Amino acid sequence: DVLRQGLVRAPGADLLRREAALLLARQGLARAAAAEAAGLQDPAERRTVYLTVARALHEAGDPLAAAEVLEQYRLLAPDDLDAAEQHARLWAAAGEPAVAARLFRALAPRRPALWASAADQARLAGDLRQALRDNARQPDPARRTAQRLDLLLAAERWAAAHALGGRLTALDDDQRYRLAYAALRAGHPADARRLARAVRDPARRASAARLAKAAQACLREPARGP
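Rules of the game
Residues numbered from 1 in each chain as written. Predicted model: local features only at pLDDT ≥ 70, side-chain atom pairs only at ≥ 80, totals over all residues. Heavy atoms only, no water. Helix = DSSP H or I, 4+ residues; strand = E, 2+ residues; numbered from the N terminus. Buried < 20%, exposed > 50% of the residue type's maximum accessible area, 1.4 Å probe, protein only. Polar contact = N/O pair within 3.5 Å; in protein donor to acceptor, adjacent residues only side chain to side chain. Contact = heavy atoms within 4.5 Å.

**Concerning the side chain of E85**
Note on placement: E85 falls in helix 6 (residues 81–93). Accessibility expressed as a relative area gives 18% for E85, which makes it buried. Polar contacts involving the side chain of E85 include one to the side chain of R89, which spans 2.9 Å. In contact with E85, other than residues within four places in its own chain, are F104, L107, R111 and L114.

**As for the environment of L164**
Here L164 lies in helix 11 (residues 158–165). On the accessibility criterion, L164 (6% relative accessible area) is buried. Excluding residues that lie within four positions of it along the chain, L164 makes contacts with T145, R148, L149 and L152.

**Quick look at helix 9 (residues 128–136)**
Among the residues of helix 9, Q130, A131, L132, D134 and N135 are the ones counted as buried. Looking at the buried side of helix 9, the elements it contacts are helix 7 (97–107), helix 8 (114–124) and helix 10 (141–154).

Printed below as a string of structure tokens:
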């Protein structure tokens, strides 16, 4: 109420409007907070307050409201790439991967590292073909190959994942274990045994040992293989 009275007396006072926007955001009143932010006179101050309001809403557990606030700001500043990226990340945090993928895809030509984010969100949205297309545009070869492996494993394309695994020069234990499983399912028990035996992570060791044992059984009796 005090801030409202101040704004009646000095409607152009950015300091009062900023404090009103932040107070409304802390109360979870996203639309009212965004309306106050939109009324700020100074463009730099307006940007700061919009981003702060979005962050406050996200931290309060409402990423969707935060995304909607930044969507309003993007109408005012469509060329603000940092805000656009944060907008996409908020949609991802809100559990809307199809929307997030589309936003990341629109940004990626100007921020190529975001092709990986677009691919991840497309996979979560259930669109593997689009995820693979986005992944193919990732400029970092090592990151592109590692992500493609994750996409193929998630889609249970065991033969393709097994073939791709040989192009990775460095594997972590999670990748070794999953590649061992893919190799076994793809009909390559020798590779499955080798990869499973290389797993050193204590959390994975028991299951990796069972996987190596299954691979060994397939080598002894090929008819028992998948």
